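Breakdown of the fold
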Amino acid sequence: MEKEHRCVLVWFRRDLRLTDNPALTAALASAATVVPVYVHDADADGAWAPGAASRAWLHHSLKALDGELQGRGARLVIRRGATREVLPALVSEAGATAVFWNRLYEPARIAGDRDIAQTLRRSGIATASFNAALWAEPSTLGTASGTPYRVFTPFWRALSAVLPGPTVESAPEQIPTRALPSDALDSLGLQPRIGWDLGFWRHWQPGETGAITRLQTFLDTGLRGYRERRDRPADAGISRLSPHLHFGEIGPRQILAVIRGAQAGDQVPEADAEHFLRELGWREFAHHLLFHYPQTPTQPLDPAFAQFPWRKSRDYADDLRAWQRGETGVPLVDAGMRELWATGWMHNRVRMVAASFLTKNLLIPWQEGARWFWDALVDADLANNTLGWQWVAGCGADAAPYFRIFNPLLQARKFDPGGDYVRRWAPDAGRGVVDPVADLAATRQRALDAYAQTRRR
Ligand SMILES: Cc1cc2nc3c(=O)[nH]c(=O)nc-3n(C[C@H](O)[C@H](O)[C@H](O)COP(=O)(O)OP(=O)(O)OC[C@H]3O[C@@H](n4cnc5c(N)ncnc54)[C@H](O)[C@@H]3O)c2cc1C
């Protein structure tokens, strides 16, 4: 069919942007009309359906995407239901000949995409998929012996050699479309019924414009000194791009292009820029690991940890609740857990300390912490969350050695020396209002004994 008669559906998922969106670019290049669609399918993510904070973010992000599309003459067509039924129905309503999308890397999504591609092709509908989310897709990198990477430094070396160039596709000015009826965004029920998330939006602006503003602010005020400042939770020297990256409101290629531009203009110290890019490298590493080890959201990568003597759930329920509520009596941990309640996000240094306290001092399985973060974080991301928890618990790829146990009091002294962060989020903490739920020295020893026992097996 000639281009002037062709219509293509662009199936948006977690690529909620118009800039540097290869599926959209390809659709516009090959068809006269493009119909942007979003399918709300409760089963699409298997056991890892988005948590409450993620859903709240998604609501605002879809609204923002629809706004961007409307500014270009199109609309986001939202439909509820099973993807394998909804997409073919939309194709026939639109008179489309093809469906284009950008790839995802979670096991449930990989299986689902394979299924939907087969379903569509069987009905004579063409499909094409693209990479919008990563500098290098997981299947393209491997060690010399052809195995996946399990250590970050060689992974980073290999990735650095194949980084994309500095040009990215800009957002289209117009999107010629065919109007189709849409379900109302509110009918998806993404927003909480009681507005516990209302405070979040003082801290965040979901959507592509918010993401680009955030990157610019980071460039202006955060990147200089990033290498040291990134560890201090009271400091603004980090990008806070994680939820925007998770939902694909901005892509890593765009970020790379902006950073390379700043480097070329001598606007930022080289060491800070490189360190920031390396952190984005950890995000790529996390996707590499999840793709090659799809069992890791629930199973330790290091099989020795399958036998680890964690406490039993009936014994730790009260401690888990205290941790979730930010009532452990350990100031930095409580401040972090309350920052999470208030904003849907937590600083990386504090994530590490809070996760270490849960897994080592409280000897609660890391999977409990990962599930809580999954529900509470606006940036909850299966790859990054799995890597983070397994790294702290000592059972993942390139993990912190198990015997290196963070002391949360020393961590606070080192990284929050003026106590600003703790005062901001947990002003009552440290004043002896709550007795610590764990004796730090005794529980540290208990964790070391448990580890020694695991290693002897
Ligand atoms: C226990 C634990 C759980 C975590 N869960 C998540 C999660 O669910 N989602 C998530 O995006 N990050 C997670 N992280 C990683 C990290 O804490 C966040 O990415 C970071 O705090 C986001 O803040 P930022 O955007 O300001 O980061 P910046 O320092 O500005 O870094 C820029 C980007 O690089 C990526 N990045 C940075 N550090 C890491 C890292 N250690 N691992 C993977 N990617 C990284 C993120 O995409 C981040 O937005 C977790 C870390 C730990 C220790």
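Since the structure is predicted, the reported quantities are computational estimates derived from the model, not experimental observations.

Right, let's talk about helix α12 (residues 331–343) for a bit. Relative to the 18 Å expected for 13 residues at 1.5 Å per residue, α12 spans 18 Å between its end C-alpha atoms, a close match to the ideal helical length. Among the residues of α12, P331, L332, V333, D334, A335, G336, M337, R338, E339, L340 and T343 are the ones counted as buried. Trailing α12 by a residue or two, G344 shows a phi angle of about 75 degrees, which is positive.

Let us now look at the side chain of S356. Relative to the helices and strands, S356 is located in helix α13 (residues 348–361). Those residues in contact with S356, other than ones at most four positions away along the chain, are N361, V392, I405 and F406.

Right, let's talk about the domain arrangement of the protein chain for a bit. As a measure of interface size, the accessible area lost when the parts come together is often cited. Looking at the protein chain, the domain boundaries give domain 1 (3–132), domain 2 (133–166 + 208–292) and domain 3 (303–456). The partner domain 3 presents eight residues to the eleven residues of domain 1 that form the contact. Buried area between domain 1 and domain 3, both sides added, is near 870 Å², and the carbon and sulfur share of it is 60%. Here domain 1 and domain 3 share zero salt bridges between them. There are four residue pairs in polar contact (both at pLDDT 80 or more) connecting domain 1 and domain 3. It is helix α2 (residues 52–70) that provides the largest number of residues to the side of domain 1 that touches domain 3, a total of four residues. Looking at side-chain class alone, the side of domain 1 that touches domain 3 contains eight nonpolar, two polar and one charged residues.

With that settled, the discussion passes to the site of the ligand. In the vicinity of the ligand there are 27 residues, among which Y226, S239, R240, N348 and D379 approach most closely. S242 places a polar main-chain atom, nitrogen or oxygen, 3.1 Å from an oxygen atom of the ligand. Backbone polar atom of D379 to a nitrogen atom of the ligand: 2.8 Å apart, as the coordinates give it. Out of a free accessible area of 820 Å², the ligand has 95% covered by protein chains. Those elements giving two or more residues to the shell around the ligand turn out to be α8 (242–246), α10 (270–292), α13 and α15 (382–393). Counted by class, the shell around the ligand contains 15 nonpolar, six polar and six charged residues.

Within the secondary structure, D235 sits in the loop between α7 (226–229) and α8. Between the alpha carbons of D235 and F357 there is a distance of 22 Å; along the sequence they are 122 residues apart. Among the polar contacts listed, one links the side chain of D235 to the side chain of R229, at a separation of 2.8 Å.

On to the sheet that holds strand β2 (residues 33–40). A sheet is described by the order of its strands in space; here five strands give the open sequence β3-β2-β1-β4-β5, paired in parallel fashion. A strand with exactly one partner marks an edge of an open sheet, and here the two such strands are β3 (77–80) and β5 (126–130). Ignoring which end each strand starts from, the neighbouring axes of this sheet average 25 degrees apart. The pairing of strand β1 (residues 7–12) with β2 spans six bridges and is parallel. Looking at the pairing, C7 lines up with T33 of β2. Taken strand by strand, helix α1 (residues 22–30) contacts β1, β2, β4 (98–102) and β5, and its axis lies near 155 degrees from that of β4.

What follows concerns the packing of aromatic side chains. Per the counting criterion, the structure on display carries 27 aromatic pairs. For the ring pair Y149 and F155, a centre distance of 5.8 Å and an interplane angle of 75 degrees mean the geometry is edge-to-face. As far as burial versus exposure is concerned, Y149 and F155 are alike and both buried. Members of the aromatic cluster, joined through ring pairs, are W57, W196, F200, W201, W204, F247 and W345. Over the ring of W11 we find R13; its NZ or CZ atom is 4.2 Å from the centre of that ring. Its end group placed over the ring of W48, R371 keeps NZ or CZ at 3.6 Å from the ring centre.

Take helix α5 (residues 152–160) next. Considered for burial, the residues of α5 that qualify are F152, F155, W156, A158 and L159. Relative to the axis of α5, the buried residues are bounded by an arc of 165 degrees and lie together on one face. Of the surrounding elements, those touching the buried residues of α5 are α10.

Next up on the list: the side chain of H244. Among the secondary structure elements, H244 is positioned in helix α8. Sequence-distant contacts of H244, that is, excluding residues within four places in its chain, are made with W57, W204, Q205, P206, G207, G210, A211, R214, E249 and I250.

What follows concerns the pairing of β5. Across five bridges, β4 lies against β5 in parallel orientation. Bridging across to β5, N102 finds its partner in F130. Read from β4 through helix α4 (residues 107–122) to β5, the crossover connection turns out right-handed.

What counts, and where the lines are drawn
- Residues numbered from 1 in each chain as written.
- Predicted model: local features only at pLDDT ≥ 70, side-chain atom pairs only at ≥ 80, totals over all residues.
- Heavy atoms only, no water.
- Helix = DSSP H or I, 4+ residues; strand = E, 2+ residues; numbered from the N terminus.
- Expected span 1.5 Å × (residues − 1).
- Buried < 20%, exposed > 50% of the residue type's maximum accessible area, 1.4 Å probe, protein only.
- Contact = heavy atoms within 4.5 Å.
- Domains from an automatic or database assignment.
- Buried area = accessible area lost by both parts, 1.4 Å probe.
- Salt bridge = Lys/Arg side-chain N within 4 Å of Asp/Glu carboxyl O.
- Polar contact = N/O pair within 3.5 Å; in protein donor to acceptor, adjacent residues only side chain to side chain.
- Nonpolar A, V, L, I, M, F, W, Y, C, P; charged D, E, K, R; others polar.
- Near = heavy atom within 4 Å.
- Areas by Shrake-Rupley, 256 points an atom, 1.4 Å probe, with all protein chains shown as cover.
- Pairing = 2+ DSSP bridges.
- Axes fitted to C-alpha atoms, helices over the stretch in contact; angles between N-to-C directions.
- Phe/Tyr/Trp six-rings, centres within 6.5 Å; stacked < 30°, edge-to-face > 60°.
- Lys NZ or Arg CZ within 6 Å of the ring centre and 35° of its normal.
- Arc of directions from axis to C-beta.
- Right-handed = clockwise from strand over helix to strand, strands pointing away.

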